[in-house]
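# Fold and geometry: a report
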Amino acid sequence: MALKYGVNTTGDVGAHGHAPKGFAPIAIGLCLTLIHLISIPVTNTSVNPARSTGPALFVGGWATAQLWLFWLAPLAGAACAGVTYRVVSGERSLSTGIEGPAADLDGNLFVVNFGKPGTIGKLPAGGAASERFTALPEGSVGNAIRFDRSGTMFIADYKKHNIFAIPKGATDPVVWFHSDEMNQPNDITVARDGTIYASDPNWKGREGHIWRIAKAADGSVQGQVMSTPRAMGTTNGIDLSPDGKTLYVGESSSGEIWSYTVRGNELTGAKLVKAFQPDTVDGLRTDVAGRLYVARILKGTIALMKPNGAVEREIALKGKEPTNLAFGGSDGKTVFVTQRQGGFVESFRTDQQGREHCLQRGRC
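No experiment lies behind these values; they were computed from the predicted model shown. (Residues numbered from 1 in each chain as written. Predicted model: local features only at pLDDT ≥ 70, side-chain atom pairs only at ≥ 80, totals over all residues. Heavy atoms only, no water.)

What follows covers the overall build of the protein. Summing up its helical and strand segments, the protein has five helices and 23 strands in all. Here the protein holds 364 residues, and the buried ones make up 50% of them. Long-range pairs, those at least 24 residues apart, make up 45% of the contacts in the protein between residues at least 6 apart in sequence. Working note: accessible area of the protein is about 16300 Å², and carbon and sulfur atoms make up 57% of it. (Helix = DSSP H or I, 4+ residues; strand = E, 2+ residues; numbered from the N terminus. Buried < 20%, exposed > 50% of the residue type's maximum accessible area, 1.4 Å probe, protein only. Contact = heavy atoms within 4.5 Å. Areas by Shrake-Rupley, 256 points an atom, 1.4 Å probe, with all protein chains shown as cover.)

This paragraph deals with the nonpolar core. Counting 14 residues, the largest nonpolar core has F154, I163, F177, I188, I196, W211 and I213 as the members making the most contacts within it. Elements with a minimum of two residues in this core: strand 6 (153-157), strand 7 (162-166), strand 9 (188-190), strand 10 (196-202) and strand 11 (207-215). Formed by 13 residues, the second largest nonpolar core is a distinct cluster that contains Y197, M226, L247 and V262. (Core = buried A, V, L, I, M, F, W, Y, C linked by side-chain atoms within 4.5 Å.)

It is worth spelling out the sheet that holds strand 11 at this point. Taken in spatial order, the four strands line up as 9-10-11-12 in an open sheet, and their pairing is antiparallel. Of all strands in the sheet, those with a lone pairing partner are strand 9 and strand 12 (221-225), marking the two edges. Going across the sheet, the axis of each strand differs from the next one's by a mean of 20°, ignoring polarity. (Pairing = 2+ DSSP bridges. Axes fitted to C-alpha atoms, helices over the stretch in contact; angles between N-to-C directions.)

What follows deals with the packing of aromatic side chains. Under the criterion given, the structure shown has five aromatic pairs. Both rings, one in F110 and one in F133, keep their centres 5.0 Å apart while their planes meet at 75°; by these two values the pair is edge-to-face. Highlighted residues: F110 in strand 2 (residues 109-112) and F133 in strand 4 (residues 131-135), separated in sequence by 23 residues. An angle of 75° between the planes, with centres 5.4 Å apart, marks the rings of F154 and W176 as edge-to-face. Linking F154 in strand 6 with W176 in strand 8 (residues 174-178), this pair joins segments that are 22 residues apart in sequence. A relative accessible area of 27% places W176 in the partly exposed class. Put simply, the rings of F110, F133 and F147 pair up and form one aromatic cluster. The lysine or arginine in question, R230, covers the ring of W258, its NZ or CZ lying 3.6 Å from the ring centre. A cation over an aromatic ring shows up here: K274 above the ring of F276, its NZ or CZ 5.8 Å from the ring centre. (Phe/Tyr/Trp six-rings, centres within 6.5 Å; stacked < 30°, edge-to-face > 60°. Lys NZ or Arg CZ within 6 Å of the ring centre and 35° of its normal.)

So this is what it looks like as structure tokens:
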């Protein structure tokens, strides 16, 4: 039981980026050594159920009567590892409202609504415990976080129709842009030149828009709804292609992912990339290869797609209600996923760094 628990927990923690490479074999080896030292006088250390079964069948009697324990104990160990994995791996409960994950240049992970609405939580790089980073002004509630090339954090406030900014090294949010014409800014993405694109859904009307927010020549921040060649559904997840020329938009009501060519304040060349079932898509991100990672809420997966909509694979998650995702880690290849059910963050590894991770390093 102890061996199976050790193998499952250390193996999963290492695979999900919560421990240094090569850590799992060391931990498993030490666990096996300890088991041998303790159990040799008791059972002659039969830690392999198959190895126990053969001699028991030949000996019979008392040996056969005890055989059930040698099979049940490893299964119990595996079950315990599954139940406690979130605690061991750092996938701890934050709050059911956590959303908008983003990692900064130093590898710190941030989420909105840490413990309660209107806050921002931080998981320090290499840390095991989350902490409160800051709070938004009274009445504001964040839904998304993004970083630009300078390390400035931007937060979409869907309650008070703001985009907040927190410069690198600071903790106090300041209003970057506000408009009473917004429905509720939901997800945001940042271009190479600092332009912010924000999805703005009208959930009751099952429609939405995209806002373009950028600095004008006089230094003021201006925003407007972008014109589009088609009526959009409830705009939700949003991200740019690595070259910044294509904007991908997920529409929750229809379950469709659309691509648009960015031309100033216009979105042109609308193309349906992929149609999933209605109400099964949420946040999305792109990697440096141009692939899309789409959170399949209620499906418990992240769909990894090529730009043409071909699904390479569906990455199964431990939680069943993924809302959004972000790339982080030292190489930008660890994907962090916020889970609505249970209010925790889980992660997995991929083979390409995220576009935003590359952007922060001035390479995209």
